[in-house]
Amino acid sequence: MLNPTFLLVLSRALRSLGTPLIAFLLANAPTLAGQVMNPISFCNVLFLGNLCAALVVLARFGWQPIWQDWQHLPPRVRLGLGINGCLAVVVSALIFLALMDTSVTNTVLLGRLGPVIYALAGSLWFRQRITRAEWIGFSLIAAGVVALALQHNQFQFSRGDGLIIASAFVYAISAMVSKVLLAKSSSLRVVVFTRNAVAAVVFFAIAIHLFGPAHFIDIFSGQLWLIMLIYALFVIVISQFAWFAALKQLDSRTVARWTVLSPIFGIVYAFILNGERPSQIQGMALIIIMVGVLISNVRKSQPKGLPESGENSLSAA
């Protein structure tokens, strides 16, 4: 019943809140947890976030419809859901660890490299031609990312920036897996539930193996549980449902045009929650990256009545 463009912008606004909010939790966890020292680590906060997201989906739809959807999926799609959940674990862990060594603003800007890698890999895998505008746009995005990483650290990649760039490559692999293995007929509820449930189980297993069961005790202290539940509801669940609902109704040009707002949302959140003011270098990199995104999504007008194929748009992701 909602306007699809509004749903698209809402999904990007909520999703962009994720990284700044995690950085905020890292900085303020002892206060929120009632002065408990070190209540937050990458494995327990990501375990709890994904667990809450899976529980929200389960509470909304019930376990029987989700289980029935799962039973009707082909084996290759089930495999794809499992792989996708594991790759989501890797991306989240890399971003979380990177936040210990780099700023949220850098994380937001460097993360724009992920869709470019996906687009280039997709052109090779699906034999799709990259237009001249896309080549120019991708080059500008890559140039902005590299210039930011080098200028910000005296022409050396920091550990945090390297982790973010690594997460961009894993993101591209995850997007390819989703496109190749996940059938379009898969219901959204089983995709969202499985992705977050698998991620929660993996994070839990990692923490138990490395640190033991006592590692999760402090995560339930004070207001942390409530904040993680809100984080899971808005940043993960509602953003994902709004995103896929918008994709069903909007063409790739519209999607690409409005997703340009994602880094702006991220930088605004970083300023509000973490007090980060973009430096001159970061501001210039943001402008270069946004110009690159806009140019890469320039499309020639199609004959009237001919629908635009979402699969032929590499940069819309």
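About the criteria used
- Residues numbered from 1 in each chain as written.
- Predicted model: local features only at pLDDT ≥ 70, side-chain atom pairs only at ≥ 80, totals over all residues.
- Heavy atoms only, no water.
- Helix = DSSP H or I, 4+ residues; strand = E, 2+ residues; numbered from the N terminus.
- Buried < 20%, exposed > 50% of the residue type's maximum accessible area, 1.4 Å probe, protein only.
- Contact = heavy atoms within 4.5 Å.
- Core = buried A, V, L, I, M, F, W, Y, C linked by side-chain atoms within 4.5 Å.
- Expected span 1.5 Å × (residues − 1).
- Patch = residues over 30% accessible without salt bridge, like charges linked within 9 Å, V, L, I, M, F, W, Y side chains within 5 Å.
- Areas by Shrake-Rupley, 256 points an atom, 1.4 Å probe, with all protein chains shown as cover.
- Salt bridge = Lys/Arg side-chain N within 4 Å of Asp/Glu carboxyl O.

**Some remarks on the overall build of the protein**
Regarding its fold elements, the protein presents 14 helices and zero strands. For the protein, with 317 residues in total, the buried portion stands at 48%. Long-range contacts, defined as pairs at least 24 residues apart, comprise 86% of the intrachain contacts of the protein with a sequence gap of at least 6.

**Brief notes about the environment of Leu-94**
Position of Leu-94 among the secondary structure elements: in helix 5 (residues 75-98). Considering only alpha carbons, one finds Leu-94 and Gly-162, 68 residues apart in sequence, at a separation of 9.4 Å. Those residues in contact with Leu-94, other than ones at most four positions away along the chain, are Leu-163, Ala-166, Ser-167 and Val-170.

**Here we look at the nonpolar core**
Judged by nonpolar contacts, the single largest core of 35 residues is most densely connected at Ile-22, Val-45, Leu-46, Val-104, Phe-203, Met-228 and Tyr-231. Elements that contribute at least two residues to this core include exactly helix 2 (18-32), helix 3 (42-61), helix 5, helix 6 (104-110), helix 10 (188-211) and helix 11 (224-247). If you look at the next biggest cluster of nonpolar residues, it comprises 31 residues, including Tyr-118, Ile-141, Ala-168 and Ile-289.

**Thoughts on helix 7 (residues 113-125)**
Between its terminal C-alpha atoms helix 7 stretches 18 Å, which fits the 18 Å expected from 13 residues at 1.5 Å a residue. Leu-113, Gly-114, Pro-115, Val-116, Ile-117, Tyr-118, Ala-119, Gly-122 and Ser-123 are the residues of helix 7 that are buried.

**Concerning a nonpolar patch on the surface**
On the surface, Leu-226, Ile-230, Leu-233 and Phe-234 cluster together to form a nonpolar patch covering roughly 330 Å² of accessible area. Judged by its relative accessible area of 36%, Phe-234 is partly exposed.

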